[in-house]
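# Fold and geometry: a report
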Amino acid sequence: MDPTGVYDQSSFFCPTGFLVFLSFYDLHHNPKVWPNAEVFDPSQFAPGSSQHNHAFLPFSEGSRNCIGKQFAMNEMKVAVALTLLRFELAPDPFRVPVPTPRIVLMSKNGIHLHLTKLL
Ligand code: HEM
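Residues numbered from 1 in each chain as written. Predicted model: local features only at pLDDT ≥ 70, side-chain atom pairs only at ≥ 80, totals over all residues. Heavy atoms only, no water.

In the annotation of an unreviewed UniProt entry, the chain is listed under the name Cytochrome P450 4A12A-like and assigned to Enhydra lutris kenyoni. Regarding the chain, the UniProt comment filed under Cofactor (unreviewed entry) reads as follows: "heme". The Subcellular location (unreviewed entry) comment attached to the chain in UniProt states, word for word, "Endoplasmic reticulum membrane". (UniProt positions renumbered as here; feature names shortened; annotations may be inferred.)

Here it is as structure tokens:
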């Protein structure tokens, strides 16, 4: 009996009923995709950068991707910009975030920062 399923564009066969999970953490740390994954370099995200358009998928992709993507991106930009206008941020060396994988990567113990008010 022929198994039922589908082939994707790379000829991977996926039998019907199988759950497929893509690790966004591994995608975002794959040196073939992001050679300097640990380096903070906003130019990697600049318009016209040479990254593949599926190299960065924090909101997933396809028909079931995050409906809050635009809202979340705009909210984060406003929150970060207004915070950095007023405060200098430094990580609390005694309470380092413990990463825990959920649908998105989270911290088990929160993210603790020291804020210094700017003049
Ligand atoms: C930084 C913030 C956010 C991240 C990283 C994020 C990430 C994601 C990811 C990865 C998925 C896909 C999950 C899957 O594959 O099943 C998802 C789905 C979803 N997100 Fe977000 N999200 C964020 C913010 C938001 C916000 C602000 C909203 C609502 C205002 C939202 C609403 C949803 C909903 C309703 C789905 C399910 C979509 C569906 O199954 O069709 N998310 N999100």
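Now for the coordination of the iron atom of the ligand. Exactly one donor from the protein chain reaches the iron atom of the ligand: Cys-66 (SG), at 2.2 Å. The topology assignment puts Cys-66 in the loop between helix H1 (24-28) and helix H2 (69-86). (Donors = N, O, S within 2.8 Å, 3.2 Å for Na, K, Ca; no water. Helix = DSSP H or I, 4+ residues; strand = E, 2+ residues; numbered from the N terminus.)

Applying the stated criterion across every chain, the model contains one salt bridge. Residue Arg-95 pairs with Asp-92 through a salt bridge whose shortest N-O separation is 3.0 Å. The class for Arg-95 is partly exposed, based on a relative accessible area of 44%. On the basis of relative accessibility, which here comes to 7%, the residue Asp-92 falls in the buried class. (Salt bridge = Lys/Arg side-chain N within 4 Å of Asp/Glu carboxyl O. Buried < 20%, exposed > 50% of the residue type's maximum accessible area, 1.4 Å probe, protein only.)

This part covers the UniProt feature "binding site: heme" (unreviewed entry) in the chain. Sites flagged by UniProt as "binding site: heme" (unreviewed entry) map to Cys-66. Assessed through its relative accessible area of 33%, Cys-66 is described here as partly exposed.

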